[in-house]
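Okay, here's what each chain looks like letter by letter:
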Amino acid sequence: MAAAPEGGLHQGLQQRHLSMIAIGGVIGAGLFVGSSSIIGTVGTGAFLTYAVTGVLIIMVMRMLGEMAAANPSTGSFSD
């Protein structure tokens, strides 16, 4: 692989990139198969549960983002 010019980007995948893509694929496939078995067993109530959980996760992530923006320093969550 050729060295990137000063301050520039270069194309190419390293081993760590491929590992992360593989891990993401495995996790995604596991969630897809796991969701299908839950939906088959429970029914449409699973969709409501997934939606509520998704909204809660989005709210927590927004709160963490606001905390980081309010006090942008190292260790700001523990302060």
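Quick note: structure is the one above.
Residues numbered from 1 in each chain as written. Predicted model: local features only at pLDDT ≥ 70, side-chain atom pairs only at ≥ 80, totals over all residues. Heavy atoms only, no water.

A. Structural detail: the overall build of the protein. Of the regular secondary structure elements, the protein holds two helices and zero strands. Considering the protein as a whole, with its 79 residues, one finds that 4% of them fall into the buried category. With the model as given, the accessible surface of the protein reaches about 6,800 Å², and the carbon-plus-sulfur share is 71%. (Helix = DSSP H or I, 4+ residues; strand = E, 2+ residues; numbered from the N terminus. Buried < 20%, exposed > 50% of the residue type's maximum accessible area, 1.4 Å probe, protein only. Areas by Shrake-Rupley, 256 points an atom, 1.4 Å probe, with all protein chains shown as cover.)

B. Here's a closer look at the packing of helix α1 (residues 15-42) against helix α2 (residues 45-70). Two elements in contact, α1 and α2, have axes whose closest approach is 8 Å; the angle formed by their N-to-C orientations is 130°. The pairing of α1 with α2 is recorded here as oblique in orientation. Listed contacts from α2 to Ser-35, Ile-38, Ile-39 and Val-42 of α1 are Ala-46, Phe-47 and Tyr-50. (Axes fitted to C-alpha atoms, helices over the stretch in contact; angles between N-to-C directions. Parallel < 35°, antiparallel > 145°, perpendicular 65-115°, else oblique. Contact = heavy atoms within 4.5 Å.)

C. Quick peek at a nonpolar patch on the surface. Taken together, Leu-48, Val-52, Val-55, Leu-56, Met-59 and Met-63 make up a surface patch of nonpolar side chains, about 570 Å² in accessible area. Summarising the element assignment, Val-52 is placed in helix α2. Val-52 sits in the partly exposed class, given a relative accessible area of 46%. (Patch = residues over 30% accessible without salt bridge, like charges linked within 9 Å, V, L, I, M, F, W, Y side chains within 5 Å. Salt bridge = Lys/Arg side-chain N within 4 Å of Asp/Glu carboxyl O.)

D. Inspection of α1 at higher detail. Here α1 contains 28 residues, and its C-alpha end-to-end distance of 40 Å stays within 8% of the 40 Å for a straight helix at 1.5 Å per residue. Gly-43 sits one or two residues past α1 and shows a positive phi near 105°. (Expected span 1.5 Å × (residues − 1).)

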